[in-house]
Amino acid sequence: DAKTTQPPSMDCAEGRAANLPCNHSTISGNEYVYWYRQIHSQGPQYIIHGLKNNETNEMASLIITEDRKSSTLILPHATLRDTAVYYCIVSPTDSSYKLIFGSGTRLLVRP
Amino acid sequence: DAGVIQSPRHEVTEMGQEVTLRCKPISGHNSLFWYRQTMMRGLELLIYFNNNVPIDDSGMPEDRFSAKMPNASFSTLKIQPSEPRDSAVYFCASSFPGRGYTFGSGTRLTVV
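An account of the accompanying structure is given in this report. (Residues numbered from 1 in each chain as written. Chains lettered and ligands numbered in written order. Predicted model: local features only at pLDDT ≥ 70, side-chain atom pairs only at ≥ 80, totals over all residues. Heavy atoms only, no water.)

Glancing now at the overall build of chain B. Each helix and strand in chain B was counted, giving 0 helices and 11 strands. Reading the helices (α) and strands (β) of chain B from amino to carboxyl end gives β-β-β-β-β-β-β-β-β-β-β. The buried share among the 112 residues of chain B stands at 49%. Pairs at least 24 residues apart make up 52% of the contacts formed inside chain B by residues separated by at least 6 positions. For chain B, the exposed surface amounts to about 5500 Å²; the carbon and sulfur share of it is 50%. Charge-centre separation for chain B: the mean point of 11 positive side chains lies 6 Å from the mean point of 11 negative side chains. (Helix = DSSP H or I, 4+ residues; strand = E, 2+ residues; numbered from the N terminus. Buried < 20%, exposed > 50% of the residue type's maximum accessible area, 1.4 Å probe, protein only. Contact = heavy atoms within 4.5 Å. Areas by Shrake-Rupley, 256 points an atom, 1.4 Å probe, with all protein chains shown as cover. Lys, Arg positive; Asp, Glu negative; His and termini not counted. Charge placed at Lys NZ, Arg CZ, Asp CG, Glu CD.)

So, in structure tokens, the structure goes:
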């Protein structure tokens, strides 16, 4: 399975954009980039995923570099409720894929 | 949609006792996953099923752990006998191909 590298912690001010980086230099051509987050004591929550194009949904935007070796999750207007651990994972999306979680980035949104 | 439902939410048991954790996946999802989370080891994948068939159980720590999925709407994770080092939060998740996982709220297991 491809590995990912994320900073252990980050912080940002409430209302500002939070940009969370992820390196996945060994990603294969058929592997997608997934982002999940885990708010304290809850189960992880799916945020977004993509293959090569940038993606946006109601929660966040995902920017994937052209060589696909890194990506950035953007929370455009962070709120205190976005304080969580954010996980970047690469995995093929087929009927038998499995997600292996690393240690993630602990994001603290400051008032 | 009630999401992935796990029971019980909390379980406290004595060492040596049998523990059974239960999971009801989202209707229509054909993959089901069991994870364990501890402070030391983070989120670990224990086993996953596809169309009720176990595909990969390489994460199951020992023979004391077993998992079943008798039908598309129910799965169990059993620990027999339980040990204090099994104390953790156990999550169940389900998914459909091409979609993200949906996790349950977890079962917090304490073995004393």
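So that's the structure; there's more coming.
Okay, the pairing of strand β9 (residues 88-95) of chain B next. All names here are of chain B. By the criterion of burial, β9 is predominantly enclosed, with 8 of the 8 residues buried. Side-chain alternation along β9 places Ala88, Tyr90, Cys92 and Ser94 on one buried face and Val89, Phe91, Ala93 and Ser95 on a second face that is also buried. Pairing of strand β4 (residues 31-38) with β9, which is carried by 7 bridges, proceeds in the antiparallel orientation. Residue pairing for β9: tryptophan 34 is matched across the bridge by cysteine 92. Where β9 lies against strand β10 (residues 102-103), 2 bridges are found, and the strand directions are antiparallel. In the strand pairing of β10, serine 94 is matched with threonine 102. Connecting β9 to the next strand, β10, in antiparallel fashion are 6 residues, including glycine 98 with a positive phi near 85°. (Pairing = 2+ DSSP bridges.)

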